[in-house]
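Descriptive analysis of the structure
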Number of protein chains: 2
Amino acid sequence: MLKGSVLAKEEIKDLEIILSGNKNELKEAASKIGISLNQFEIIDAKDIISTEEDPTKIIKEKNESSMAVGLRALNEKNIDAFITAGSTGALTVGSFYYNEKIVGVKRAAICPIMPSYDGEFLLLDAGANLNCRADVLVQFAIMGDIYSRKILKVKNPRIGLANVGIEETKGPKTHKEAYALLKSQETLNFIGNIEARYIPLGKCDVVVCDGFSGNMILKATEGTAKCIMKILKDCYTKNLKTKLAALMLHKEHKEIKQKLNYKNYGGAILLGMEKPIIKAHGNSNEETIKNAILRAVLCIKNNITTEIAKNIII
Amino acid sequence: MLKGSVLAKEEIKDLEIILSGNKNELKEAASKIGISLNQFEIIDAKDIISTEEDPTKIIKEKNESSMAVGLRALNEKNIDAFITAGSTGALTVGSFYYNEKIVGVKRAAICPIMPSYDGEFLLLDAGANLNCRADVLVQFAIMGDIYSRKILKVKNPRIGLANVGIEETKGPKTHKEAYALLKSQETLNFIGNIEARYIPLGKCDVVVCDGFSGNMILKATEGTAKCIMKILKDCYTKNLKTKLAALMLHKEHKEIKQKLNYKNYGGAILLGMEKPIIKAHGNSNEETIKNAILRAVLCIKNNITTEIAKNIII
């Protein structure tokens with residue numbers, strides 16, 4: 001987090017970063033890696049909330065954790081955005097409790113950006129709301145459309161509704177209702193239902209889904225990629241011949257790994273909150289943290305909040 | 001289908017195969033590939049139902065399609081199992097309409113067998129029931145356990161409940177209830193919730209889920225594998241050096257492709273029906289069809305129906 005903050009400050013000169021965490025531990029960590037803490041404001045937090053803990057603790061026993069303290073500061077102080085690599089569950093619960101949604105937004109959604117065959121796509125919701133009504137799915141589509149245009153610079157984002165089949169009549173009642181509502185939204189480039197098998201192939205730019213199935217799509221994709229990479233690694237290290245071949249493919253494999261690496265995708269925004277709240281992956285390195293911070297800056301500069309407030313349908 | 005039927009008959013001498021389809025078209029196809037139709041009984045069917053059609057047509061306009069005719073014959077005649085490579089939707093609707101479930105089984109589930117890093121796993125339900133109550137999920141676990149033991153020869157199948165987090169308190173109400181019920185089933189090796197990212201890594205042998213999220217897991221996995229394979233292919237055909245390296249890895253890549261190929265996995269059974277009903281992939285070749293037929297035989301020989309009837313909890 002410290003290294004990533006320094007990298008971000010190097011890229012954006014007037015960027016002010018406030019660190020929420022245990023002051024003594026921060027000092028120790030900073031001196032160990034030779035970073036001066038003078039360039040940061042620090043909000044002292046006595047505690048932490050881990051990914052293993054019940055997320056709801058952030059509003060009770062763990063309300064002095066760095067994440068809780070940071071989220072309250074975001075709400076109470078003159079701060080523009082919040083970034084964390086901590087527990088997604090705690091972040092969702094904490095944000096909904098300590099922070100404000102954009103007026104008119106019914107539910108905020110976790111929106112990871114994921115690699116596809118020929119680009120990337122936005123998935124929302126990936127787990128903040130397990131059940132979603134049709135009108136909530138429509139709001140996700142509108143917010144995703146804005147984020148895709150303004151931040152990911154997609155011209156006319158193709159919006160798909162994740163479903164078990166492409167026909168309008170497919171899926172549960174919610175999805176049939178959402179389909180009808182989305183079809184009638186003239187401002188959206190709604191391409192209809194999308195089956196999960198076509199998502200990684202890049203058939204749309206924004207995938208709308210409830211948080212439960214979104215979580216399944218996100219994690220099944222991650223797990224499958226990891227599984228195949230492991231199988232390939234086994235194959236490449238099998239014998240001298242395969243090792244030599246792998247060496248010859250070194251540059252190309254590096255490019256593929258880079259492409260499939262979530263660390264390059266700037267984190268997942270909790271879209272619908274008044275101020276950008278961004279979740280970086282738990283395994284983030286300094287580059288990932290820098291990207292997440294720059295992503296937050298981009299959201300602020302592009303007035304994502306105002307855009308959503310202006311376009312949301314209640 | 002014809003070639004696969006011949007291959008299956010070659011492996012099992014006393015196997016009787018009945019073909020459901022347009023007699024004239026079957027004759028034409030058989031003579032084209034030099035297969036004698038004398039070895040088969042034929043049930044003439046005037047029509048077909050395609051994957052593009054509304055599945056519910058199988059009980060109305062398309063009740064003379066080869067699938068409808070075949071399913072009715074399964075119910076009315078002395079036939080032990082049914083195999084198709086046609087529309088999954090039509091098969092589900094048709095089976096529920098024309099055929100019987102095992103006494104005590106509330107819902108039948110589509111169960112594909114999928115490759116994992118170090119083996120394979122059974123996923124149920126993959127799309128036959130979009131919403132499932134907790135007691136239905138428990139029945140899926142019991143049926144999956146039996147299929148895994150008897151057919152896939154897994155000694156003590158690890159059963160996981162697909163969910164957004166591993167803790168007992170995670171997920172929607174149904175999943176919390178199902179967790180509690182599964183934990184109290186002493187005959188099951190229930191390992192708790194499983195996040196979708198650990199499924200392809202082989203953390204369990206039976207994945208229990210509702211049909212909607214199961215469909216997302218199945219297809220997101222398929223799509224991601226396809227996407228990565230496409231990316232790898234692009235990489236291998238990039239230039240002379242990469243082509244040479246790919247040539248050196250030819251044998252290993254063939255093995256990987258073989259491992260990831262659904263065609264080797266014997267099709268997806270509609271588990272819970274009185275007689276084995278098996279769905280082979282739409283892109284099946286003769287080898288896949290043979291495997292699906294042999295799978296049906298294995299189910300009959302292992303008395304899957306009796307085993308389920310004996311162990312199901314109502």
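Everything numeric here is computed off the predicted structure, so don't read it as measured data. (Residues numbered from 1 in each chain as written. Chains lettered and ligands numbered in written order. Predicted model: local features only at pLDDT ≥ 70, side-chain atom pairs only at ≥ 80, totals over all residues.)

Turning next to the relation of the copies chain A and chain B. Mapping chain A onto chain B calls for a screw motion: a turn of 180° about the axis and a shift of 0.0 Å along it, with 0.1 Å RMSD after fitting. Here the transformation between the copies is reduced to the relation of a two-fold axis. Taking C-alpha positions as the reference, the residue of chain A nearest the rotation axis is Ala245 of chain A, at 2.3 Å. Of the interface residues in chain A, 100% have counterparts in chain B that sit at the interface too, so the contact is made through matching surfaces. (Least-squares fit on C-alpha atoms with pLDDT ≥ 70 in both. Contact = placed C-beta atoms within 7 Å.)

For the bond from Leu124 of chain A to Asp125 of chain A, the omega torsion is 5°, close enough to zero to count as cis. Mapped onto the elements of the fold, Asp125 of chain A is located in the loop between strand E6 (119-124) and helix H5 (134-150). Located in the positive-phi region is Lys153 of chain A, a residue other than glycine, with phi close to 60°. Following the sequence through the fold, Lys153 of chain A ends up in the loop between H5 and strand E7 (158-162). Residue class for Lys153 of chain A comes out exposed when judged on the 9 C-beta atoms lying within 10 Å of it. The backbone of Asn303 of chain B shows a phi angle near 50°, a positive value even though the residue is not glycine. Its location among the elements puts Asn303 of chain B in the loop between helix H10 (286-301) and helix H11 (304-311). (Helix = DSSP H or I, 4+ residues; strand = E, 2+ residues; numbered from the N terminus. Buried ≥ 20, exposed ≤ 12 C-beta atoms within 10 Å, placed from the backbone.)

This brings us to the sheet that holds strand E6 (residues 119-124) of chain B. Residues and elements named next belong to chain B. Pairing in this open sheet of five strands is mixed, and the strands run E5-E6-E9-E7-E8 from one edge to the other. Each having just a single partner strand, strand E5 (113-116) and strand E8 (189-194) make up the two edges of the open sheet. For this sheet the average axis-to-axis angle between neighbouring strands, irrespective of direction, equals 30°. Where strand E7 (residues 158-162) and strand E9 (residues 206-208) come together, three bridges link them in parallel fashion. Within E9, the residue paired with Leu161 across the bridge is Val208. Where helix H5 (residues 134-150) meets the sheet, its contacts fall on E6, E7 and E9, and the angle it forms with E9 comes to roughly 165°. Contacts between helix H6 (residues 173-183) and the sheet are confined to E7 and E8, with E7 contributing the most and set at about 165° to the helix. (Pairing = 2+ DSSP bridges. Axes fitted to C-alpha atoms, helices over the stretch in contact; angles between N-to-C directions.)

Attention now moves to the sheet that holds strand E3 (residues 82-84) of chain B. Residue and element names in this part refer to chain B. Taken in spatial order, the four strands line up as E3-E11-E10-E4 in an open sheet, and their pairing is mixed. If you trace the sheet from one side to the other, it starts and ends with E3 and strand E4 (109-111), each paired once. Going across the sheet, the axis of each strand differs from the next one's by a mean of 25°, ignoring polarity. Strand direction decides the pairing type here: strand E10 (residues 268-271) and strand E11 (residues 277-279), joined by two bridges, are antiparallel. Its bridge partner being in E11, Ile269 is matched across the sheet by Ile278.

Shape descriptors only; they carry no functional weight alone.
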